Structures are given as structure tokens and as C-alpha cells.
There are 2 protein chains.
Amino acid sequence: MSLIVQKFGGTSVGSIERIEAVADLVVKTKQQGHQIVVVLSAMSGETNRLISLAKQIDPRPSSRELDVLVTTGEQVSVALLAMAIIKRGHSAISLLADQALITTNNLFGKARIQHIDSSRLNHELEHGRIVILAGFQGRDIEGNITTLGRGGTDTTAVEVAGAIQADECQIYTDVNGVYTTDPRIEPNAKRMETVTFEEMLELASLGAKVLQIRSVEAAGRYNIPLRVLSTFAPDQGTLITYEEPKMTDKVVSGIAHTKDEALLSIVGVPNIPTNLAKILQLFAEYAIEVDMIAQINQKDAKIDYAFTVHRNDYEQGLELLGLVQLEIGASSVVGNCNVAKISAVGVGMKSHAGVAGTLFQALADENIAALLISTSEIKISVLIEEKYLELGVRALHSAFFVEK
Amino acid sequence: MSLIVQKFGGTSVGSIERIEAVADLVVKTKQQGHQIVVVLSAMSGETNRLISLAKQIDPRPSSRELDVLVTTGEQVSVALLAMAIIKRGHSAISLLADQALITTNNLFGKARIQHIDSSRLNHELEHGRIVILAGFQGRDIEGNITTLGRGGTDTTAVEVAGAIQADECQIYTDVNGVYTTDPRIEPNAKRMETVTFEEMLELASLGAKVLQIRSVEAAGRYNIPLRVLSTFAPDQGTLITYEEPKMTDKVVSGIAHTKDEALLSIVGVPNIPTNLAKILQLFAEYAIEVDMIAQINQKDAKIDYAFTVHRNDYEQGLELLGLVQLEIGASSVVGNCNVAKISAVGVGMKSHAGVAGTLFQALADENIAALLISTSEIKISVLIEEKYLELGVRALHSAFFVEK
């Protein structure tokens with residue numbers, strides 16, 4: 001008997017038919033002898049419907065009340081799934097955040113879980129009940145309703161798995177695992193059997209949208225094996241653990257990409273150490289997150305800096321650099337918002353030379369220029385013109401995954 | 001400065017526009033210097049939508065989970081109204097049953113409020129906040145979500161008014177008060193300025209659908225003045241208090257009617273004292289509520305009994321009487337499910353003779369036969385053929401309310 005947390009997203013509970021299918025799936029797991037905590041999102045579309053009601057009243061509604069409003073979405077799902085499981089003759093009980101003793105801080109709309117008292121969850125499990133828990137929601141110490149922000153239901157699932165020391169946390173979604181790259185771009189993309197937390201963190205932050213970073217981090221912190229699998233065709237999915245890949249495994253485990261990038265450059269900056277700090281502080285002041293940073297020293301002691309930012313911050317970033325240019329006497333400011341980032345990720349990279357060589361050769365073979373490069377122990381990222389994104393992804397996938 | 005509870009039903013918060021109108025109305029009351037607790041129903045149609053989702057899963061869904069499901073309706077309303085009031089620059093906070101410390105028993109779907117700890121409500125009011133409270137819901141001592149059944153939001157409003165010792169409990173609805181009779185039947189029906197709790201209880205139980213009996217009872221118990229008024233054209237409405245009407249007031253305050261009646265008779269019952277008890281116990285066993293009871297002694301020491309029951313219980317009632325007939329050797333069983341009840345209600349009746357005379361004369365003038373009669377200190381009820389209902393209501397209204 002294992003203790004399993006099963007999380008189902010909005011698409012998985014998007015209609016009565018799908019809720020019935022989830023009930024069947026949960027009951028099947030129960031019949032295999034496991035203890036189960038199910039964590040649910042709102043039915044797909046419901047959260048947006050509620051937010052649009054709020055926006056009709058106030059384009060910037062009270063964040064406390066918005067959380068009161070949107071948490072009804074999960075409350076509806078858990079009640080319906082509990083009914084469906086009870087109808088199948090199994091014992092089930094829905095729990096909301098206050099009933100499951102999930103305490104968060106009071107940052108409405110983006111709260112963090114501070115504590116889960118597992119006594120109620122354990123009590124229900126010990127009595128043989130399937131627990132159906134509302135994801136995405138919490139209560140602060142004053143009893144206010146809070147929500148965890150984007151990907152909050154994944155976070156609830158992983159944090160709860162940690163609190164009850166589950167044997168596995170299963171994230172059911174509309175894809176059957178984590179792929180070596182985006183299958184919509186590269187039809188030959190393969191499902192990974194396993195991937196490490198480290199790799200998954202890089203893949204998630206680089207745009208593989210299967211899992212939210214926070215939940216991968218949390219699973220890694222609690223050392224709870226995380227499995228991504230499909231609600232609609234459940235099989236082994238992809239298992240995310242601390243296990244290192246075997247020696248025979250690929251050095252690169254996946255190719256990630258992200259489109260919402262913009263490139264900002266300031267050219268001919270006088271070589272004074274405080275200048276870069278000044279620019280980055282200004283960005284921070286305006287809450288513009290900088291991802292990649294590169295510098296090129298010119299021969300006349302001037303420096304060019306290049307940054308990537310989220311595309312939404314492009315216009316403001318350009319403006320701010322314009323102000324800096326005047327203040328510090330730089331030559332010019334240029335930008336490009338039609339850029340994208342592709343990355344090769346793999347823990348095997350640590351011990352294998354030549355990954356970078358293979359990568360740049362593959363891009364060069366397709367005449368794709370690298371605009372900016374950044375590397376870490378387990379990944380290489382390259383900024384390229386957005387129009388080459390699909391071509392670049394296919395080129396790298398083919399270089400690392402297709403048998404020659 | 002008064003402390004006022006304002007309750008708005010589903011139609012009053014049935015759309016964003018109406019929620020905005022309620023916000024205006026609440027803010028206006030606040031600006032008059034009052035402290036306010038608002039109690040809300042779900043947006044009209046929402047509770048039915050949720051129940052129909054549940055029924056798609058299970059025609060008889062888990063009652064605990066059904067309460068988890070349907071309470072989301074009120075949660076949505078309170079969040080939206082709080083947003084609308086906050087947007088108008090006033091301080092407001094939504095509270096759910098657990099936050100407002102409303103404890104009920106654990107009869108899901110028809111729970112009774114056992115205790116309201118007013119400390120949180122008082123705390124918010126003392127800080128100048130308008131409290132927006134979800135009606136219809138509670139928590140049992142184990143923290144399970146419960147609902148109060150039909151008219152539950154009125155009950156919440158009145159019980160909360162009692163707990164915080166409000167100066168007045170205002171029930172906003174889609175009519176502007178309690179009328180001397182149903183204005184759809186008698187266009188000359190007049191709005192009452194005041195009515196006593198006793199009268200209102202009789203009127204409510206006799207089919208004047210403005211207020212639920214339980215909330216009138218509770219308001220009377222706490223001696224909280226109750227006011228019924230229209231959300232859409234608020235004026236003085238009708239005030240329900242313990243005050244006796246002035247001597248100049250009418251002896252009859254209102255004419256009520258109810259259609260869902262059925263008449264059952266058992267004829268020629270041997271005159272043995274246990275026979276009536278036997279019949280009534282059998283009805284009770286099958287949960288058939290008996291309203292009016294009449295008996296006619298025949299000259300040959302046999303007795304005829306007549307009963308009224310809810311029309312839904314008509315067929316079963318006939319069947320049960322058929323069994324009794326065989327057992328006790330009665331002559332026959334007859335029934336009529338096309339009957340209706342009209343009643344004249346008024347505390348003035350206690351001290352005025354002649355009310356019954358006026359009433360039966362008015363019916364006789366229209367050739368309406370009384371099938372069964374029952375009286376109490378403050379009401380006279382008459383069962384008639386249903387086809388004469390409207391005519392009878394108009395005849396009685398004219399007899400008691402139109403100046404001759």
C-alpha cells in the first residue's frame with residue numbers, strides 16, 4: 001500500500017463527463033490498495049469566468065475579495081468529485097483549505113504556503129476515506145481566504161505530499177509526460193521515462209509548460225517523486241526524481257524554448273564599474289526582470305551590454321535605457337523584440353565535453369546566428385531570431401536525440 | 001446611529017448591474033451614519049445551476065458534498081458586493097460562515113443555527129467596516145459546511161440581527177412590503193404599514209410568500225423589528241413588530257390563501273374514541289401532515305371525519321384511509337384535491353365579534369360554499385372549491401378593506 005497524491009488540472013475536471021472519468025481513475029487506484037489524496041483545480045474556464053465578473057465591477061478589484069471569489073471554483077470541483085466517488089460506493093470527503101489546515105502568508109493572489117498541519121488529512125486517510133482537496137487555496141493566520149497564484153494547484157499537491165510524506169505525487173494533465181522537446185514543433189520528440197529535479201527545474205523555467213517551477217522545487221525539497229501523466233490515457237508518464245541518469249543515458253535530456261523574449265542593448269558605455277549596477281538597479285526599481293546578461297569590451301575602453309527581458313517589458317526597458325544613455329553618456333540604445341531562446345538541458349552535461357560544440361554546429365548548419373549565450377552546469381541557452389525558433393528546436397533535437 | 005442588518009435575496013443580486021445597485025443602496029445607508037451587516041443570497045439561478053451539476057452526477061448526491069457545492073453561490077455574491085462597495089471608497093469585508101462564527105447542527109441541507117459568536121462581527125463593525133455576510137450557510141462543530149434550507153438567507157439575517165442586537169433587520173426583496181392580500185388576485189390590495197409578528201406568522205404559514213416562517217419566528221423571539229421592502233424602489237415597506245394595532249385599525253389585517261390543499265373524508269366511522277387517533281397516527285407514520293380536522297356526529301352514533309393535507313399527499317392519504325376503512329368498518333372514503341384555503345388574519349379579531357359573520361356573509365353573497373372551517377384567536381380559515389379561490393379572496397378583501 002502506497003500513499004499517493006493525485007492532482008488533476010482544470011481540463012481534467014472540465015465537464016461532468018470528465019469528472020466521472022477522474023472518479024473512475026481515482027477509484028481504480030484505491031482498488032489497487034493505495035491511500036489517496038486528490039487535489040483539484042477549478043473546472044476549466046471557471047476561474048476566468050469568475051475573474052471577468054469581478055472585472056466588470058472593478059478593473060482592479062480588492063485582492064482579498066478576489067481570492068474569496070475565485071476559490072469557489074475549486075470548491076465546486078471537489079464537491080462534485082466527492083459526490084461521484086461516493087456514488088461509486090467508496091468513502092470520500094472534500095476538504096477546503098481551512099478544513100485541511102493549510103496556512104499561508106497573507107499575500108492575496110500569490111500567497112505562499114507556510115504550514116500544513118497534516119492531522120486532519122491523516123485522520124481521514126486512516127479512516128479509509130479518499131480525501132478530495134481544493135487546490136490553489138489557503139487561509140492566512142487570521143482566517144482570510146488566500147490563493148497561491150499561477151500553478152497553485154500543483155503547489156498544493158506537492159506541499160501536501162510533503163506534509164503527509166506521500167510515496168509519490170502524480171500530476172495528471174493533458175499530456176502524458178515530459179518530452180525531449182515541444183512535440184508541436186518536433187513531432188519526433190520522445191517522452192522521457194525519467195528526468196532529475198535539477199533538469200526539470202531548468203526545463204520548467206525555460207518554458208516547458210508541463211510543471212510550474214515552484215512545485216518542482218518543492219518536490220525536490222521534500223524528495224517526493226513526482227510523476228507527470230495524462231488523465232486521458234494514463235500510463236507510466238514521466239518520473240521526476242533525484243536519480244542520476246545511467247551512464248548510457250543521453251548527456252542532453254531535453255530541448256526547451258521560450259518565445260516571450262526581448263533583447264535590449266546599450267552600446268558604448270564608458271568603462272566605469274558602477275554603470276552596469278546602475279542599469280540593473282533601474283530595471284529592478286521598475287520590476288523588470290533581467291534574464292541573460294552579456295558584455296562586450298570594445299577596444300576604446302567602452303563596453304556594450306546586452307540584456308534579455310520579458311517581451312512585455314520591452315518598451316519600458318528601452319525607455320529606461322534611453323534615460324541611462326543620456327545620464328552616463330553611452331553611444332546608443334538598440335532593441336529587438338523578435339527574439340526567442342532555445343536551451344539544451346541535461347545533468348549529463350557536467351561530465352561531458354563537446355555538448356556546446358555539437359549545439360553550435362547544429363545551429364550553424366542551419367545558418368542560425370546566436371545573438372546571446374548563457375550557460376550553467378546543466379544547460380546551454382542561446383538567443384536567436386524568433387523566426388528561426390522552430391528550425392532551431394528541430395536542429396538541436398535532431399543533433400542530440402536522433403541516432404546517426 | 002443605528003445598527004442595521006440588510007438582507008438581499010437572489011433577484012436583488014441577480015446580475016452585476018443589480019449588485020452595483022445594492023452597493024449604492026448600502027453605501028447610502030452607511031452615509032446616513034448607520035452600522036451595517038449585509039446578508040446575501042446567491043445570484044438568482046446560481047443555486048439551481050449548481051444543483052443541476054450535482055444531479056448529473058448523482059440524482060441523490062451526498063448531502064454533505066451538496067452543501068459544499070451550493071454554498072459557493074453565496075460566496076460569489078459576497079465577494080462581488082464587497083468589491084463594489086470597496087470601489088465606492090468604503091471599507092467592506094466579506095465573511096463566510098466560519099469567519100463569522102456561525103455554528104449549526106449537522107443536518108446537511110436543513111441545518112439549524114445553534115450559536116453565533118458575535119465577536120468577529122462586532123470587531124469589524126467597530127472598525128467602521130460594512131460586513132458582507134454569506135447567508136444560508138453555517139459550519140457544524142466539526143467544521144463541515146452546512147446549509148439552512150429554504151429561506152435560509154432570511155434566517156441568517158434574523159439570527160445575526162439577534163446576535164448583534166441590531167436595531168432593525170431589513171429584508172429587501174422584489175415586492176415593497178406585505179399586502180392585505182395577493183395583489184395578483186386583488187389589484188386593490190394595499191401595502192400594510194405595520195403588522196404584528198403574530199399576524200405575520202399566520203400570514204406566512206397561510207401562503208403569503210414574502211417571508212419564511214422561521215425568520216419571522218426568530219425575529220419575534222429576539223424582538224428585532226423586521227422590515228420588508230423593495231430593492232428596486234426602496235421606501236418604508238412594511239414593519240413587523242410586537243406593537244398592537246391602534247384601536248382605529250382594522251380588525252382584519254390581511255387575507256391569505258393557499259392552493260396546495262386536498263380534502264380527505266372518511267364517512268360512517270364507528271364512534272370509538274381510538275379511531276381518530278388511529279387515523280392520525282397512520283398519517284404521521286407516513287409523514288403526511290394534517291392541517292385542518294373536522295368531525296360531524298351522525299345521528300346513528302357514527303362519525304364523519306374530514307382532513308386537509310398537502311396536495312402531494314392526496315393519493316397516499318386516500319390509500320391509507322382505504323386501509324383504515326376496512327379495519328374499523330367505516331362506510332366510505334371520499335376525497336377532493338381541487339380545494340383551496342382562504343384565511344382572514346388579524347390580532348384585532350380577538351376583541352371584535354362579528355368577523356366570522358362578515359366573512360361567511362361575503363362568501364354566501366358569491367355563492368361560495370365552505371367545505372371546512374378552522375379558527376384560531378387571530379384567524380379564520382375556510383376551505384373552498386379551488387375554482388372559487390380568486391373570487392373568494394376578492395370577496396373577503398372587499399368585505400374587510402373597502403370602505404362602504
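Residues numbered from 1 in each chain as written. Chains lettered and ligands numbered in written order. Predicted model: local features only at pLDDT ≥ 70, side-chain atom pairs only at ≥ 80, totals over all residues. Heavy atoms only, no water.

Per an unreviewed UniProt entry, chain A is named Aspartokinase, and its organism is Pseudoalteromonas ulvae. Its UniProt record gives chain A a comment under Catalytic activity (unreviewed entry), which states: "L-aspartate + ATP = 4-phospho-L-aspartate + ADP". On record in UniProt, under Sequence similarities (unreviewed entry), the comment for chain A is "Belongs to the aspartokinase family." (UniProt positions renumbered as here; feature names shortened; annotations may be inferred.)

This part covers the overall build of chain A. Along its length, chain A carries 11 helices and 18 strands. Taken against the 2.2 N^0.38 rule, which gives 22 Å for 404 residues, the C-alpha radius of gyration of chain A at 24 Å falls within 12% of a compact globule. For chain A, the C-alpha atoms occupy an extent of roughly 80 × 55 × 30 Å along the three principal directions. Classification of the 404 residues of chain A by burial places 55% in the buried group. A total accessible area of about 17,300 Å² is found for chain A, and carbon and sulfur atoms account for 49% of it. Across chain A, 36 positive and 48 negative side-chain charges occur, with their mean positions spaced 3 Å apart. (Helix = DSSP H or I, 4+ residues; strand = E, 2+ residues; numbered from the N terminus. Rg over C-alpha atoms; globule rule 2.2 N^0.38 Å. Buried < 20%, exposed > 50% of the residue type's maximum accessible area, 1.4 Å probe, protein only. Areas by Shrake-Rupley, 256 points an atom, 1.4 Å probe, with all protein chains shown as cover. Lys, Arg positive; Asp, Glu negative; His and termini not counted. Charge placed at Lys NZ, Arg CZ, Asp CG, Glu CD.)

Time to look at the interface of chain A and chain B. At the junction of the two partners, chain A supplies 44 residues and chain B supplies 44 residues. Counting the surface lost from both chain A and chain B, the interface buries some 3,300 Å², and carbon and sulfur atoms represent 62% of this. For chain A, the biggest contributors to the area lost against chain B are Ile57, Glu65 and Met83 of chain A; these three give 22% of the whole. Linking chain A to chain B there are 2 salt bridges. Note that Asp98 of chain B and Arg139 of chain A form a salt bridge whose closest N and O atoms lie 2.8 Å from each other. Our count for the chain A to chain B interface comes out at 12 residue pairs in polar contact (both at pLDDT 80 or more). Contributions of two or more residues to the side of chain A that touches chain B are made by α1 (16-31), α2 (46-57), α3 (63-87) and β3 (92-95) of chain A. Of all the elements, α3 of chain A adds the most residues to the side of chain A that touches chain B, at 17 residues. (Contact = heavy atoms within 4.5 Å. Buried area = accessible area lost by both parts, 1.4 Å probe. Salt bridge = Lys/Arg side-chain N within 4 Å of Asp/Glu carboxyl O. Polar contact = N/O pair within 3.5 Å; in protein donor to acceptor, adjacent residues only side chain to side chain.)

Let's shift gears to the domain arrangement of chain A. Domains assigned within chain A are domain 1 (3-174) and domain 2 (255-401). Here the C-alpha centre of domain 2 of chain A lies 39 Å away from the C-alpha centre of domain 1 of chain A. (Domains from an automatic or database assignment.)

Time to look at the sheet that holds strand β16 (residues 332-345) of chain B. Strands in a sheet are paired, the pairing made by backbone hydrogen bonds, and the direction either parallel or antiparallel. All names here are of chain B. On the basis of which strands lie adjacent, the open sheet formed by 6 strands has the order β14-β15-β13-β16-β18-β17 and antiparallel pairing. The sheet terminates laterally at β14 (290-297) and β17 (372-376), the two strands that pair on one side only. Across the sheet, the axes of successive neighbouring strands diverge by a mean angle of 30°, strand direction being ignored. Note: strand β13 (residues 254-270) against β16, 11 bridges, orientation antiparallel. Note that in β16 the partner of Glu261 across the bridge is Val339. Those strands touched by helix α9 (residues 314-328) are β13, β15 (302-310) and β16, and its axis lies near 20° from that of β13. (Pairing = 2+ DSSP bridges. Axes fitted to C-alpha atoms, helices over the stretch in contact; angles between N-to-C directions.)

This brings us to the nonpolar core. Ranked by internal contacts, the top residues of the largest apolar core, which has 45 residues, are Val5, Val37, Val160, Ile164, Cys169 and Leu226 of chain A. At 4 residues, helix α5 (residues 152-163) of chain A tops the list of elements feeding residues into this core. Each residue touching Val37 of chain A, except ones within four places of it in the same chain, is listed here: Ile4, Val5, Gln6, Leu125, Val131, Leu133, Val160 and Ile164 of chain A. Within the second largest apolar cluster, 44 residues are counted, among which are Leu3, Ala100, Ile116 and Met192 of chain B. (Core = buried A, V, L, I, M, F, W, Y, C linked by side-chain atoms within 4.5 Å.)

What follows is about the UniProt feature "binding site: substrate" (unreviewed entry) in chain A. All names here are of chain A. Mapped onto the present numbering, the UniProt feature "binding site: substrate" (unreviewed entry) falls at Thr47 and Glu74. Maximum C-alpha separation among the annotated residues is 8.8 Å over a sequence range of 28 residues, consistent with a single clustered spot. Within the element layout of this structure, Thr47 appears in helix α2. For Thr47, a relative accessible area of 22% puts it in the partly exposed group. Not counting residues up to four positions away in its chain, the partners in contact with Thr47 are Ala42, Val70 and Glu74. In this structure, Glu74 sits in helix α3. Apart from the residues within four sequence positions on either side, Glu74 is in contact with Leu40, Ser41, Ala42, Thr47, Ala134, Gly135, Phe136 and Gln137.

Note: most peptide bonds trans; most residues except glycine with negative phi. Located in the positive-phi region is Phe136 of chain A, a residue other than glycine, with phi close to 75°. Turning to its location among the elements, Phe136 of chain A is positioned in the loop between β6 (130-134) and β7 (137-139). A residue is classified by how much of its surface remains accessible, and Phe136 of chain A, at 13% relative accessible area, is buried. In this structure, Asn223 of chain B is a non-glycine residue whose phi angle is positive, near 55°. Inspection of the secondary structure assignment puts Asn223 of chain B in the loop between α7 (213-222) and β11 (226-230).

Another point: the UniProt feature "domain: ACT" (unreviewed entry) in chain A. Feature annotation in UniProt places "domain: ACT" (unreviewed entry) on residues 264-338 of chain A, given in this structure's numbering. The distance from the first to the last C-alpha atom of residues 264-338 of chain A is 11 Å, and the span holds 36% helix and 41% strand.

Moving on, we come to the relation of the copies chain A and chain B. It takes a turn of 179° to lay chain A on chain B, together with a shift of 0.1 Å along the axis; the resulting RMSD is 0.3 Å. Expressed as an axis order, the relation between the two copies is that of a two-fold axis. In terms of C-alpha distance to the rotation axis, chain A has Thr72 of chain A as its closest residue, with the C-alpha 2.8 Å off the axis. A shared binding surface is used by both copies, with 100% of the interface residues of chain A retained as interface residues in chain B. (Least-squares fit on C-alpha atoms with pLDDT ≥ 70 in both.)

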